[in-house]
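The residues making up each chain are set out below.
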Amino acid sequence: MAGKGEPRSNRKVALTAASAALTMLGLGFASVPLYRIFCQVTGYGGTTQRADEAKAATVKDSGRTISIRFDANVERNMPWQFKPLQRTDTVSIGARDMALFWAKNDSDKTVTGTASFNVEPEQAARYFNKIQCFCFTEQTLKPGEEVRMPVLYYVDPAILTDPDNKDVQQITLSYTFHVTRVEDAKALDHPRTGS
């Protein structure tokens, strides 16, 4: 025979389970921005730092140099050509520098893409500061359109006092463009090849 307390007990269990599910859902949504903040602060996973012009203006040129290598890729179905205009550059640590990348839409549709990025070696990422970058916004190219895209950056002189980076002689900045929107999804199935 069921006791009088069972409906109340079932309600309590249901409310507890629903609360736990909502808490886990909330943590799931919060984990992405928290992880992104963690990566930006620590450079974990090759995440670079973002600096504004005012902060960059306070950084002093160290007089020491480091090699920067630029790498460019597109995801498998991205109908673009994408490359750095210069593969490597020797820069002064602490001085602002600029790299240019070139992209061309080889399809007959308007395609919008976003670039993801990382820095290798990972321990150097926390010292690689981007002031201006095409990766901060979506890029839209019409059929056959090509564009030059700048990256304004500097390497923080603090890298020189970090024992984890004492042997780092070259930093690689790598980008991969991904499709975010396309005028017609068929453009990804049959991209036109270009030169």
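The structure displayed is predicted, hence computed values, not measured ones.

S.K.: Tell me about the overall build of the chain, residues and numbers included.
M.R.: Along its length, the chain carries 3 helices and 10 strands. N-terminal to C-terminal, the α/β element order of the chain is α-β-α-β-β-β-β-β-β-β-β-β-α. The proportion of buried residues among the 195 residues of the chain is 34%. Accessible surface for the chain amounts to roughly 11,900 Å². Of this, 53% is attributable to carbon and sulfur atoms.

S.K.: Tell me about the environment of Leu100, and name the residues and values.
M.R.: With respect to the secondary-structure elements, Leu100 resides in strand β5 (residues 97–105). Sequence separation between Leu100 and Lys83 is 17 residues; the distance between their C-alpha atoms is 8.9 Å. The contacts of Leu100, once residues within four sequence positions are left out, are Pro84, Leu85, Gln86, Met149 and Pro150.

S.K.: Report on the packing of aromatic side chains, specifying residues and quantitative values.
M.R.: As enumerated under the stated definition, the model contains 12 aromatic pairs in all. Seen in terms of ring centroids, Phe70 and Phe101 are 6.0 Å apart; in terms of plane orientation they differ by 90 degrees. Their pairing is edge-to-face. In this pair, Phe70 is assigned in strand β2 (residues 65–74) and Phe101 in strand β5, connecting sequence segments 31 residues apart. For the pair formed by Phe70 and Phe101, the shared burial category is buried. The interplanar angle of 70 degrees and the centroid separation of 6.2 Å between the aromatic rings of Phe70 and Tyr153 together place this pair among those described as edge-to-face. Of this pair, Phe70 sits in strand β2 while Tyr153 is found in strand β9 (residues 146–155), placing the two residues 83 residues apart along the sequence. The pair Phe70 / Tyr153 is uniform in exposure class, with both members buried. Each residue in the set Phe70, Trp80, Phe82, Phe101, Phe117, Phe128, Phe134, Tyr153, Tyr175 and Phe177 is aromatic and connected to the rest through ring pairs, giving one cluster. Positioned over the ring face of Trp102 is Lys83, at 5.2 Å from the centre of the ring. Note that Lys130 overlies the ring of Phe117, its terminal NZ or CZ placed 3.1 Å from the centroid.

S.K.: I'd love a proper account of the layout of surface pockets, names of residues and values included.
M.R.: It is a probe the size of a water molecule, rolled over the atoms, that shows where empty space is left. In this model, the second largest pocket occupies a volume close to 160 Å³. Taken together, Arg64, Thr65, Ile66, Ile93, Ile159, Leu160, Asn165, Lys166, Asp167, Val168 and Gln169 make up the full set of residues lining the second largest pocket.

S.K.: Let's hear about the pairing of strand β7 (residues 128–133): which residues, and what values?
M.R.: Counting buried residues along β7, 5 of its 6 residues qualify, which places the element largely inside the surrounding structure. Bridging between β7 and β9 involves 5 bridges; their strand directions are antiparallel. The partner of Asn129 across the bridge, within β9, is Tyr154.

S.K.: Give a description of the sheet that holds β2 that names residues and reports values.
M.R.: Across the sheet, 5 strands lie side by side as β4-β2-β10-β6-β8; this open sheet has mixed pairing. Each edge of the sheet is formed by a strand with only one pairing partner; in this case those strands are β4 (88–92) and β8 (139–141). Recorded for the sheet is a direction-independent mean angle of 35 degrees between the axes of neighbouring strands. With 3 bridges connecting them, strand β6 (residues 111–120) and β8 associate as antiparallel partners. Paired with Gly113 across the strands is Gln139, a residue of β8.

S.K.: Which residues make up unusual backbone geometry, and what values do they have?
M.R.: For the bond running from Glu120 to Pro121, omega is -5 degrees, close enough to zero to count as cis. By the element assignment, Pro121 lies in the loop between β6 and β7.

S.K.: Residue-level account of the pattern of salt bridges, with values.
M.R.: All chains considered together, the criterion is met by 1 salt bridge. Across the pair Arg181 and Glu138 runs a salt bridge whose closest N-O atoms are separated by 3.0 Å. One end of the pair, Arg181, is in strand β10 (residues 170–182); the other, Glu138, is in the loop between β7 and β8, and 43 residues separate them in sequence. According to the relative accessible area criterion, Glu138 is partly exposed, its value standing at 39%.

Cut-off values and rules
- Every chain is numbered independently, its residues counted from 1 as its sequence is written.
- Whole-chain, interface and lining totals are the exception, using all residues; otherwise, since this is a predicted model, local features are given only for residues with pLDDT of at least 70 and side-chain atom pairs are given and counted only at 80 or more.
- Excluded from the side-chain calculations are hydrogens and water; all other atoms, namely the structure's heavy atoms, are used.
- Strands here mean DSSP runs of E at least two residues long; helices mean DSSP runs of H or I at least four residues long; both are numbered from the N terminus.
- Partly exposed residues are those whose accessible area sits between 20% and 50% of the maximum for their type, while under 20% is buried and over 50% is exposed, using a 1.4 Å probe and protein chains only.
- With residues, only the protein chains shown are counted as cover, and all accessible areas are computed by Shrake-Rupley using a 1.4 Å probe.
- The contact rule is simple, with two residues in contact once any of their heavy atoms fall within 4.5 Å.
- Between the rings of Phe, Tyr and Trp (Trp by its six-membered ring), a pair exists once the centres lie within 6.5 Å; its type follows the angle of the planes, with under 30 degrees stacked, over 60 edge-to-face, and the other angles tilted.
- Counting as a charge over the ring demands two things of the Lys NZ or Arg CZ atom: a distance within 6 Å of the ring centre and an angle within 35 degrees of the ring normal.
- With a 1 Å grid laid over protein atoms only, a set of points is called a cavity when a 1.4 Å probe fits there but cannot get out and a pocket when it is open yet has protein on both sides within 12 Å along at least five of seven lines; lining residues have an atom within 4 Å of a point.
- Grid points are joined across faces, edges and corners, and a volume is the space filled by probe spheres set on the points.
- What makes two strands pair is DSSP finding at least two bridges between them.
- Inter-axis angles, ranging from 0 to 180 degrees, are taken between N-to-C directions of lines fitted to C-alpha atoms, where helices are fitted over the stretch in contact.
- One speaks of a salt bridge when a side-chain nitrogen belonging to Lys or Arg is within 4 Å of a carboxyl oxygen belonging to Asp or Glu.

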